[in-house]
Amino acid sequence: MPKSKRDRPITLSKTKKKGKEHKESIVNSIRDAAEKYSSIYVFSFENMRNLKFKEFREQLKTTSRFFLGSNKVMQVALGRSASDEIRVGLHKVSKLLRGDSGLFLTNMPREEVESLFNKYEDYDFARTGSTASEKVELLEGPLEQFTHEMEPFLRKQGMPVRLNKGVVELISDFVVCEEGKPLSPESARILRLLGMKMATFKLHLICRWSPEDFELYKDGLDESDVESA
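Residues numbered from 1 in each chain as written. Predicted model: local features only at pLDDT ≥ 70, side-chain atom pairs only at ≥ 80, totals over all residues. Heavy atoms only, no water.

An unreviewed UniProt entry annotates the protein as Ribosome assembly factor mrt4 of Acer negundo. A UniProt comment under Sequence similarities (unreviewed entry) is attached to the protein, and it reads "Belongs to the universal ribosomal protein uL10 family." (UniProt positions renumbered as here; feature names shortened; annotations may be inferred.)

Written out as structure tokens, the structure is:
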């Protein structure tokens, strides 16, 4: 008789949540870095790609430090108000840690940081749910970029295809995706097969803090927004 799934042991180490000690370690690391580096930036990101970000971080590891994770934990580390901030003015930085954002602490000159972040972008294949940046339509006829072995897979993605003398052929025009609309799993797979990269991984500076001043970069924000946040 097969063994019941209920009797199988469950390893909790894989599901154990990061506890108080882990959070305290992050808080202490941020506070130590805030004393070490001359300026602190908040940045936002879109279409995050972990491998690409790791490569970017490695380029700057001798002069800088990045922190990503819980905004709340990072806010606690810096101080959420003028009364508990660890250095004067850092509560302004804390209040701008919203949504997809992180901290960048560095000794690099401001002009160099701005240039690096403004120029940085990397292209990758869009994932399911991402917004299509353009309409992609395949016209009726042979699809010579695909081998005959791929015909069943393409059909499963909703493409109206058949084999014609060993060549994959569209029997009617087919819209892969529409500009401005979310990508379905099938659309994302087809775009990957076509080699079309629609996702752009970008980093945007939101603000800069130093012991001497505080500067906002993001359009539509001013210091009154920070103070009232």
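A look at the nonpolar core
Grouped burial of nonpolar side chains is what soluble globular proteins tend to show. If you look at the biggest cluster of nonpolar residues, it comprises 22 residues, and the most contacted ones within it are Ile-40, Val-93, Leu-103 and Leu-105. At the level of elements, α1 (20-36), β1 (39-46), α3 (71-78), α4 (90-95), β3 (101-106) and β10 (199-209) are the ones that each hand at least two residues to this core. Formed by 19 residues, the second largest nonpolar core is a distinct cluster that contains Leu-143, Leu-154, Met-159 and Ala-199. (Core = buried A, V, L, I, M, F, W, Y, C linked by side-chain atoms within 4.5 Å. Buried < 20%, exposed > 50% of the residue type's maximum accessible area, 1.4 Å probe, protein only. Helix = DSSP H or I, 4+ residues; strand = E, 2+ residues; numbered from the N terminus.)

Details of unusual backbone geometry
Backbone geometry places Lys-165, a non-glycine residue, at a positive phi of 55 degrees. Within the secondary structure, Lys-165 sits in the loop between β7 (161-164) and β8 (167-170). Judged by relative accessible area, Lys-165 falls into the exposed class, the value being 82%.

Some thoughts on helix α7 (residues 185-194)
Every buried residue of α7 is listed here: Ser-187, Ala-188, Ile-190 and Leu-191. Projection of α7 onto a plane perpendicular to its axis shows the buried side chains occupying an angular sector of 165 degrees, all on one side. Packed against the buried residues of α7 are β5 (136-138) and β9 (174-177). At the exit of α7 stands Gly-195, carrying a positive phi of roughly 75 degrees. (Arc of directions from axis to C-beta. Contact = heavy atoms within 4.5 Å.)

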